[in-house]
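One-letter residues, chain by chain:
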Amino acid sequence: MGKKKSVVLMVLLTIVIVVLCAITVFPTFAVPGTVKKWTPAVMQYDLGSDLGGGSYAYYYPKGVISETEYKNNLEAKTGDEKTEYEESYVAHKGLYLLAESSGDKDYIYANDAVVQDFEDEFTAAAAEITARFKAKGLSDYRVSVVDDYALKVELPASETSASLAYSYFANMGELTIEKGGETVEELKEDGAKVSDLIKSVSVSSKYKMHYLKIKFTDAGKEMLAGVKDELSESTSSSDGSTTPTTLDIKLGDETLVQIYKDSVTDNNKEVRTYYVEAENLGQVETLQVLLSSAIENGGFDIEFNVSEIRYFEPVYGENALTLLYIALAVVIVALLVAPVVLMNRYGVVSLYASLSYLIIVGLCFAFITGGVFEITLGSMLVFLLGLVLVNVIQYHIFGAIRAELALHKTAESSVKGGYKKTLWGIVDIYAVLLLGALALLLGAAGLHTLALQAIVCVVTGAFINLLWARAINFTLLSASKDKYKYFRFVREDDDDE
């Protein structure tokens, strides 16, 4: 490539990288003349609870109460009523279990042991609740068993529909469809299930609105056709003067979805309902997960009471994210400057490589994987290790080129030889790292997420070290008049004859 073409190409490349860097990391500022703010990609991440804080709530099965609730209830009672209350519960670690002696039919403790049916149902329900939160698309969540018979659910602050998720996902009732307060005829038959009528539930978007799309089976289409004309239009009761007739999808005693006549589309094949604005997407996603879960797995013979939702600050303090960004900025600047000091103009290749890595991973974390998982301290460490590795490998290549030049080869020949001798070693390094990241995909939720983030970093690093940095070096070297000064090498002339 000619010198002029190389210079023009590098100028264009530099402009593109500067613009993308600004999109990725340029600080937030108010846009002049508007009420809007510029927000870089790195400030749009959904943060895990360690960096952004979060909330938690306890799920207590019916017949199970916390020690605090037990003591508060006991203090409010006197005389025989207090004695009777004491005899109605049995202490189990930090919980109190309703005993058979209470006379309540919902007892869960009898004959000096917890009722086996309750234990089995609690185990199955706990697994289903965990699956619901996983299906929600959250990565940084925790569903843990507390004192054997209660659940603690923890969500990051970035989950905007947390309160709805806590409430909905605790509902383990049976799914049914009613019209006018009565179960539809198709579900009154023995063994009939809602899954016989509803094929699937998904989330769709139109005109910046999100909504539920409910597809029906052939039996479901017949059911819709039979009741459609009896349903009200969605605007029929806007003035409050009439009570609309709707087809209600209920979970236990809670109505989740109301279907109006104009909700039914496409020759009774599907229903479109529960429209929300873009910022409330989490609500419709939560409802979709709940309905899909109930359709697939049916109801459970257990009820949960959800405690008050409590909020907590980031694990590492409320200033953790700011301090982390400052630390990362210092390390990144050091990794940009050090290669230039150590390797002269070849260090500029490492500088471009580092900025390219920052842009690609930063944008992937924000816009590709941002809807899949949250950013945690582990994410930042994986990003930083990948960036360090990119620079270490660049320095390793520089050493190989220098070794080739020591054999009295030309600069061009030394570059080709250095890249050739390091190629398979670099491939091996990234292959091992990629296999390790893929192996972590078999891990639990948090580890699984970290593995996905590591794959992004490994693939980006491999692309930069094996292809991108080499292309940049070729362009810069072509624009350089003195190839030896480019590498800060001194050409030795042999005067022996």
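This structure is a prediction, so every number in the text was calculated from the model and none was measured.

Would you explain a negative patch on the surface in this entry?
Judged by side-chain charge, Asp80, Glu81, Glu84, Glu86 and Glu87 come together as a negatively charged surface patch. Looking at the element boundaries, Glu84 is found in helix H4 (residues 79-88). Judged by relative accessible area, Glu84 falls into the exposed class, the value being 52%.

Is there a simple way to explain the nonpolar core in this structure?
Looking at soluble globular proteins, one finds that nonpolar side chains tend to be buried together. Core analysis: the largest hydrophobic core is formed by 63 residues, its most contacted members being Tyr59, Phe133, Ile177 and Phe304. The residues touching Tyr59, leaving out its near neighbours within four places in the chain, are Ile129, Phe133, Ala150, Leu151, Val153, Ala165, Tyr166, Phe169, Ala170, Phe304, Asn305 and Val306. Judged by nonpolar contacts, the second largest core, of 57 residues, contains Ile17, Val42, Leu335 and Phe487.

What is the right way to read the sheet that holds strand E5 (residues 89-92) from this model?
Strand pairing within a sheet occurs via backbone hydrogen bonds; the two strands may be parallel or antiparallel. Spatially, three strands are ordered E4-E6-E5 in an open sheet, and the strand pairing comes out antiparallel. Of all strands in the sheet, those with a lone pairing partner are strand E4 (64-66) and E5, marking the two edges. Taken pair by pair, the neighbouring strands of this sheet meet at an average axis angle of 30°, ignoring direction. As paired strands, E5 and strand E6 (residues 95-98) are joined by four bridges and run antiparallel to one another. Its bridge partner being in E6, Val90 is matched across the sheet by Leu97. Together, E4, E5 and E6 form the strand contacts of H4, whose direction differs from that of E5 by roughly 50°.

Teacher, can you tell me more about the sheet that holds strand E14 (residues 209-216) here?
Strand order in the open sheet made by the four strands is E13-E14-E18-E17, with antiparallel pairing throughout. Looking along the sheet, the strands with just one partner apiece sit at the ends: strand E13 (198-206) and strand E17 (264-265).

Quick question: what am I supposed to make of unusual backbone geometry here?
Peptide bonds are, in most cases, trans, and in most cases residues other than glycine have a negative phi. Unlike most non-glycine residues, Asn111 shows phi in positive territory, near 55°. Take Asn111: it is sitting in the loop between strand E7 (109-110) and strand E8 (113-114). Despite not being glycine, Tyr207 has its phi angle at roughly 50°, a positive value. Mapped onto the elements, Tyr207 comes out in the loop between E13 and E14. Residue classification places Tyr207 among the exposed positions, given a relative accessible area of 71%.

Would you mind going over the domain arrangement of the protein chain with me for this structure?
Accessible area lost on assembly of the parts is the figure often given for the size of an interface. Assigned domains within the protein chain: domain 1 (3-46 + 317-486) and domain 2 (118-312). The centre of domain 1, based on its C-alpha atoms, is set 44 Å off from the matching centre of domain 2.

Help me understand the environment of Asn305 in this model?
Within the secondary structure layout, Asn305 lies in strand E19 (residues 304-306). Asn305 gets classed as partly exposed once you look at its relative accessible area, which sits at 48%. Separated by 135 residues in the primary sequence, Asn305 and Ala170 place their C-alpha atoms 7.6 Å from one another. If sequence neighbours within four positions are ignored, Asn305 has contacts with Tyr58, Tyr59, Tyr60 and Lys62.

What is the right way to read the side chain of Glu404 from this model?
Here Glu404 lies in helix H11 (residues 377-405). According to the relative accessible area criterion, Glu404 is buried, its value standing at 3%. Aside from chain neighbours lying at most four places away, what touches Glu404 is Lys409, Ser414, Gly417, Gly418 and Lys421.

Hey, could you run me through the pairing of E6 in this one?
A regular strand places its side chains on the two faces of the sheet in alternate fashion. Burial along E6 is two-sided: Leu95 and Leu97 and Tyr96 and Leu98, pointing in opposite directions, are all buried. Judged from the three bridges that link them, E4 and E6 form a sheet pairing that is antiparallel. Pairing of Val64 across the sheet is with Leu97, part of E6. Here E5 folds back onto E6 in antiparallel fashion, the turn holding two residues, of which Lys93 has a positive phi close to 55°.

I'm lost on helix H9 (residues 320-343) in this one. Help?
One turn of the α-helix equals 3.6 residues, which is why residues spaced by three or four share an orientation. Look at H9: 35 Å from first C-alpha to last across 24 residues, which is about the 34 Å you get at 1.5 Å a residue. Here H9 has its buried residues at Ala320, Leu321, Leu324, Leu328, Ile332, Leu335, Leu336, Pro339 and Met343. Immediately downstream of H9, the backbone of Asn344 shows phi near 55°, a positive value.

What exactly am I supposed to notice about the pairing of strand E11 (residues 175-179) here?
Most of E11 is tucked away: four of the five residues are buried. The pairing of E11 with strand E15 (residues 247-251) spans five bridges and is classified as antiparallel. If you follow Lys179 over to E15, its bridge partner there is Leu247. In this structure, E11 lies alongside strand E12 (residues 182-183), joined through two bridges in antiparallel fashion. Across the sheet, the residue bridging to Lys179 is Glu182, located in E12. A loop of two residues connects E11 with E12, the two strands running antiparallel in sequence, and Gly180 in this loop sits at a positive phi of about 65°.

Would you mind showing me how to read the packing of helix H3 (residues 67-75) against H4 here?
Each pair of packed helices can be described by the angle between their axes along with the distance between the axes. Relative orientation of the contacting elements H3 and H4 amounts to 160°, with a least axis distance of 9 Å. By the angle between their axes, H3 is roughly antiparallel relative to H4. Listed contacts from H4 to Tyr70, Asn73 and Leu74 of H3 are Lys82, Tyr85 and Glu86. Broken down by class, the residue content of the contact of H3 with H4 amounts to three nonpolar, one polar and two charged.

Conventions and cut-offs
Residues numbered from 1 in each chain as written. Predicted model: local features only at pLDDT ≥ 70, side-chain atom pairs only at ≥ 80, totals over all residues. Heavy atoms only, no water. Patch = residues over 30% accessible without salt bridge, like charges linked within 9 Å, V, L, I, M, F, W, Y side chains within 5 Å. Areas by Shrake-Rupley, 256 points an atom, 1.4 Å probe, with all protein chains shown as cover. Salt bridge = Lys/Arg side-chain N within 4 Å of Asp/Glu carboxyl O. Lys, Arg positive; Asp, Glu negative; His and termini not counted. Charge placed at Lys NZ, Arg CZ, Asp CG, Glu CD. Helix = DSSP H or I, 4+ residues; strand = E, 2+ residues; numbered from the N terminus. Buried < 20%, exposed > 50% of the residue type's maximum accessible area, 1.4 Å probe, protein only. Core = buried A, V, L, I, M, F, W, Y, C linked by side-chain atoms within 4.5 Å. Contact = heavy atoms within 4.5 Å. Pairing = 2+ DSSP bridges. Axes fitted to C-alpha atoms, helices over the stretch in contact; angles between N-to-C directions. Domains from an automatic or database assignment. Expected span 1.5 Å × (residues − 1). Parallel < 35°, antiparallel > 145°, perpendicular 65-115°, else oblique. Nonpolar A, V, L, I, M, F, W, Y, C, P; charged D, E, K, R; others polar.

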